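What the coordinates show
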Amino acid sequence: MSLGALALLFDATLPLRLPTDRDYAEASAALRVRAGTADAIQLWPPWAERARLFVGSLPVRAEEDLRAADYPGVERLWLLSLPRVPHGRLGAAREALRQRGATPGEEIRLGALALEPWDLHGPRVLSFLTDPREEHEVDYVARPCTQVRIGRLPEPGRLLARGQGGALHVRAGVVGERAYQQSRGPVRLDVQVDGQPLAALAVPPTVPPESGWRKLDAAVPAGEHEFVFLVSARDVDRPFCVSAWTSDR
Amino acid sequence: MSRRLPLALAALTFAALFATQSGVGFVRDEGYYFEAAKSYEQWLQLLFRAPAAALRDTERYWSVNFEHPGLAKLLFAVSHLVFTTWLRWLPDALGWRVPGFVFAALLTYWLAVLGAERSRATAVLAPALFWAAERTFFHGHLACFDVPICALTAGVGVAWARAIGVLGAPAPTPRRHGVFLGGVFGCALAVKHNAWLLPPVLLVHGLLLPAPLRRRALFTLPWLLLGPVVLFVAWPLLWHQPARHVSDWISFHTHHVHYAWYYLGRELRGPPFPIFYPLVLLALVLPLPQVALFAAAGAKLLWDFAHRALSPLRLLELGLAGGAILPFMLRTTPVFGGIKHWLAFIALLSPEAAHLLARSAELAAGAGVPRLRALLVAAAAALLPGLWQIAHVHPYGTSAYGEIAGGIPGAASLGMQRQYWSNNVTAVLPWLNAHAPRGARVFFHEVNYESYRAYQQAGMLRPDIQYASGPGDAQYAAVQWHREFRDREPETWNAFGTRTPATGLYLDETPQVVVYARPGLPGAP
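Everything quoted here is computed from the prediction, not taken from an experiment.

Some thoughts on the overall build of chain B
Across its full length, chain B carries 23 helices and seven strands. Its C-alpha atoms give chain B a radius of gyration of 24 Å, within 12% of the compact-globule value 24 Å for 525 residues. Considering only C-alpha atoms, chain B reaches an extent of 80 × 65 × 45 Å along its principal axes. Buried residues in chain B amount to 56% of all 525 residues. When contacts within chain B are restricted to residue pairs at least 6 apart in sequence, long-range pairs at least 24 apart make up 75% of them.

Spelled out as C-alpha cells, the structure:
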C-alpha cells in the first residue's frame, strides 16, 4: 500500500517538476535582454527540446557530451535546464562544463527552469570553412556541418573553402544509421592547404561507445589560404558531413 | 464458481476498450494488417459469390502479409465485412479492431477463471492488475496479434488445466475438453507463431505432475495435434502449395530484421542483447505497484516450485509465464516492440499477484481493519497509479513509463525508447487539418502510407492532404522522435530553413511528434 501511495505521490507531483509555457516565455524574455550575438543555448537534459518552440532568437544546441562538444564562435553558453526532472543529472552537466574550463555566471530560476550563463573561454574563430547554419545529425546529435558527397578514388568528393590560417579544426562523420553498419569500410578525409596535403582523417564505422564524430586538429600558417577537403571511400552511398573552422589557438 | 463474474469482467473490458479507442492511432503494423484484412474481405465476398473461384484463388488474396497466420486477420476482415461493409454501423478502423477487443475480453475472462481458483477477489484483481497500465491497455485496442496471442496463451492454459482435471469440476466428458484444448491451441497457432512454444511447456508441466495426473496429462497431449489442423483451415494461404508457404513463413521469422532499439543510453542493433532486457523493460514501463506485485508473484511461484509446494495450476501458470519470456532472454531473439511480445508473462503472473494482494488485505483484516475496507484500500493502492497512467498518457501507449523510470521524462533521461509505431501522430492531425492549405504535402515520417490512408478513411486527416516522401518535397513535416531517426529533424531544418517547430506532441516535456511548417505557410511560427 505504501508503494501505491509513493507511486501516486510521484505521479501527482511530476507536473510540478516540469516547466510551463510561462516559464519558457520568461526564459525567452530573459535571453532577449541578456544574450549577445556570440551566445548560444545548450539544453539540459538534451532531450528537453520543447524549448525550441520558445527560444528561437539564439542558436540552440542539444549536445550530449558537454565536455567534448565544440561550440565554435560561441563565447557564452546559456545552460537552459530542467533542474527537477527525474534522472536529469544537471550536476554532471555542470561538472563537464567546468572540466573544459568554462565558468558559470549567476543562475536564474524561472519556475521549473534554470538559466545559467557559462563563459566558455574558448578560442576565437578566425574563419568558418563550412557553413555553420547547416546542421546534420551525426552520432544522434544535430551538429553544424556541411554535407559532402563521398567519391570513389580517383574522384573523391570535394569541398573548397577559403579562410585564415591558425589552428585548423576538422570534424567529420557519417550521417544517420549507416554510420553504424560494420560491414562498411572507413571514409577517408584528406585536407589540402594551398594544394599541398596537410593531414588526413579516417572515419571508420562507429562502434559505441566510440564517437562517430571524428576529430582532426592541425596547425596552418597565418594568412589566407585555400582549403580543400577530399572525401573518399569504397562504398559511397552514405551521407557524410564535415565541419571545419580555424581559430587563434 | 459460476462464469457470471468472468463474463461480466470480460464485458467490462470490451466496453472500456470500445469507449477509449477513438484516439488510438494506427500503428505501423496495423496499416499492413488493415491492408491484409481488406484483401481477405474481398476473398470472403468472392467466397459467397463464387466459392469455386475463391477456393482456386486463395494465393491471390491471402499472399498479403504472408508472414503471419490468417486467423486474426480473417476475424478483422469478417468484423469489417459485417459491421462496416454490410451493416454500416462502424467506421473502417473500428470494424477491423473489434476482434482485438474480443480477444482482450477473452483474456480478462481466462485470467478471471484462473484467479477464481484462489478467491472471488483474485478473480477480479487478476485481470485488473494486467489492464491497469497504459502499455497493456493500449495494446488491447489494436488490430494486431499481441493481445490475441496473450489471450490464447491463457486460454490454452485454462483448457489444458480443465482437460487434465486441475481446474474446475472434474471433466465428465474428457473428449470435449480435449477437443476444446486442441481448438484453442489451433487458434493460437493460427494467430501467431509464439504458440509453437506451448506444447513443450505443457509437456514439461505434465512430466512434473504427480503420477496420476501425469498419466492423464500425457494422454491429453495428443489433442494438441488438432492445432495444426485448425491452423491449416484458418489460413487459406496454405491450401495451395502449403510447403512453400510454410517455408516462407518460417524463413521470415528466422531471418527477422533487428530494428534499432534505444535502451539505457545505447542503441541495440543486434545480438547479443542484454539477458535481463525484458525484465528491466517491464520494471521501467509498468506502474510501481504492478512491478512489485508481479515480481513478488514470480518470486513466490519460484520459491514454492523450489520447495515442491506448487499446486498443478500454479505450476502451469509459472510454466506459461516462463515460456512467454524466456525466449526473449536468449540474447538472440529480436527484442523490438516494447513489452508486447511477452505480454503473456505478466498475464500469467496476474492471478498469483492478485492472490498476494488479496492476502495482504486479509492480513490487514486480521489486524482489525474491516475485511472489505482492507481489500478496497489494497486494490486502490495497487490499481490507482496504473489508472492515473492511463488517464495521463492514453492514447500514446508506446510512450508510457512507470515511476521506477521516473515517468516519461525520467525514461528520456535514462535513454529509453521514446515511442514506436508512429501512432502518436494522431495528436497533431487536428492541427494539420486546421492549418495546412488545400492539397498541402506533409512528410509524415514513420507513418506508413497504409496508415496515412487509414487516417483519411477514418476522417482523422483531411482527404486533400498529400503524402510526401521526405522533407525536401513537403510543406509540413511531422517528425517523430526516434533515436535512430534523429537525422530527419536536421534534414527538415535544412529543407525548411527554420529550426522552430510550429507545434508538437510533448508528453511531460518529452518531444514525441514535432511539426514544422515552411515559413510563410499557415501555422508557421
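Some remarks on the environment of Ser79(B)
All names here are of chain B. Among the structural elements, Ser 79 can be located in helix α5 (residues 71-86). A residue is classified by how many C-beta atoms lie within 10 Å of it, and Ser 79, with 23 of them, is buried. Beyond its immediate chain neighbours, meaning those up to four positions away, Ser 79 contacts Gly 95, Trp 96, Val 98 and Pro 99.

Side note on the packing of helix α16 (residues 288-306) of chain B against helix α18 (residues 343-366) of chain B
Residue and element names in this part refer to chain B. Where α16 contacts α18, the axes come no closer than 8 Å and their chain directions differ by 90°. As summarised for this structure, α16 and α18 are arranged roughly perpendicular, according to the angle between their axes. Taking contact as the criterion, the partners of Leu 293, Phe 294, Ala 296, Ala 297, Gly 298, Lys 300 and Leu 301 in α16 are, on α18, Ile 346, Leu 349, Glu 352, Ala 353, Leu 356 and Leu 357. Tallied by class, residues from the contact of α16 with α18 come to ten nonpolar, one polar and two charged.

Comments concerning the interface of chain B and chain A
Chain B puts 38 residues into the contact, and the matching count from chain A is 37 residues. Broken down by element, the side of chain B that touches chain A gets its largest block of residues, seven residues, from helix α19 (residues 371-393) of chain B. Among the residues forming the side of chain B that touches chain A, the class breakdown is 20 nonpolar, seven polar and eleven charged.

A word on the packing of helix α2 (residues 28-49) of chain B against α5(B)
Residue and element names in this part refer to chain B. At a minimum axis distance of 8 Å, the contact between α2 and α5 shows a crossing angle of 70°. In this view, α2 runs roughly perpendicular relative to α5, as classed from their interaxial angle. Regarding α2 and α5, the two cross each other, and that crossing is right-handed. Residues Tyr 33, Ala 36, Ala 37, Tyr 40, Glu 41 and Leu 44 of α2 pack against Lys 73, Leu 74, Phe 76, Ala 77, Val 78, His 80, Leu 81 and Thr 85 of α5. The class makeup of the residues in the contact of α2 with α5 is ten nonpolar, two polar and two charged.

Here's the deal with the domain arrangement of chain B
Residues and elements named next belong to chain B. Looking at chain B, the domain boundaries give domain 1 (4-240 + 273-350) and domain 2 (423-517). Once you take the C-alpha centre of each, domain 1 and domain 2 turn out to be 34 Å apart. Counting residues at the interface gives 14 residues for domain 1 and twelve residues for domain 2. Listing elements by their share of the side of domain 1 that touches domain 2, those giving two or more residues are α2 and α6 (92-116).

What to know about helix α9 (residues 146-163) of chain B
In an α-helix there are 3.6 residues to a turn, and that puts residues three or four apart on one side. Residues and elements named next belong to chain B. With 18 residues, α9 extends 25 Å from end C-alpha to end C-alpha; this agrees with the ideal 26 Å at 1.5 Å per step. Across the 18 residues of α9, 18 count as buried, placing the element largely inside the fold. Taken from the residues just after α9, Gly 165 is the one with a positive phi, measuring 85°.

Description of the domain arrangement of chain A
Residues and elements named next belong to chain A. Split by domain assignment, chain A resolves into domain 1 (11-119) and domain 2 (125-247). Tallying the contact residues gives six residues for domain 1 and six residues for domain 2. Tallied by class, residues from the side of domain 1 that touches domain 2 come to two nonpolar, one polar and three charged.

A few points about the confidence of the model for chain B
Here chain B shows a mean pLDDT of 95. Residues at 70 or above account for 99%. Prediction confidence for the complex, expressed as pTM and ipTM, is 0.95 and 0.96 respectively.

Let's talk about the pairing of strand β15 (residues 240-247) of chain A
Residue and element names in this part refer to chain A. Burial runs high along β15: seven of the eight residues are buried. With three bridges joining them, strand β7 (residues 125-128) and β15 adopt antiparallel strand pairing. Within the sheet, the bridge partner assigned to Val 125 lies in β15 and is Ser 247. The sheet contact formed by strand β11 (residues 157-174) and β15 spans eight bridges and is antiparallel.

Parameters and conventions
Residues numbered from 1 in each chain as written. Chains lettered and ligands numbered in written order. Predicted model: local features only at pLDDT ≥ 70, side-chain atom pairs only at ≥ 80, totals over all residues. Helix = DSSP H or I, 4+ residues; strand = E, 2+ residues; numbered from the N terminus. Rg over C-alpha atoms; globule rule 2.2 N^0.38 Å. Buried ≥ 20, exposed ≤ 12 C-beta atoms within 10 Å, placed from the backbone. Contact = placed C-beta atoms within 7 Å. Axes fitted to C-alpha atoms, helices over the stretch in contact; angles between N-to-C directions. Parallel < 35°, antiparallel > 145°, perpendicular 65-115°, else oblique. Nonpolar A, V, L, I, M, F, W, Y, C, P; charged D, E, K, R; others polar. Left-handed = near helix turned anticlockwise from the far one by under 90°. Domains from an automatic or database assignment. Expected span 1.5 Å × (residues − 1). pLDDT = per-residue confidence, 0-100. Pairing = 2+ DSSP bridges.

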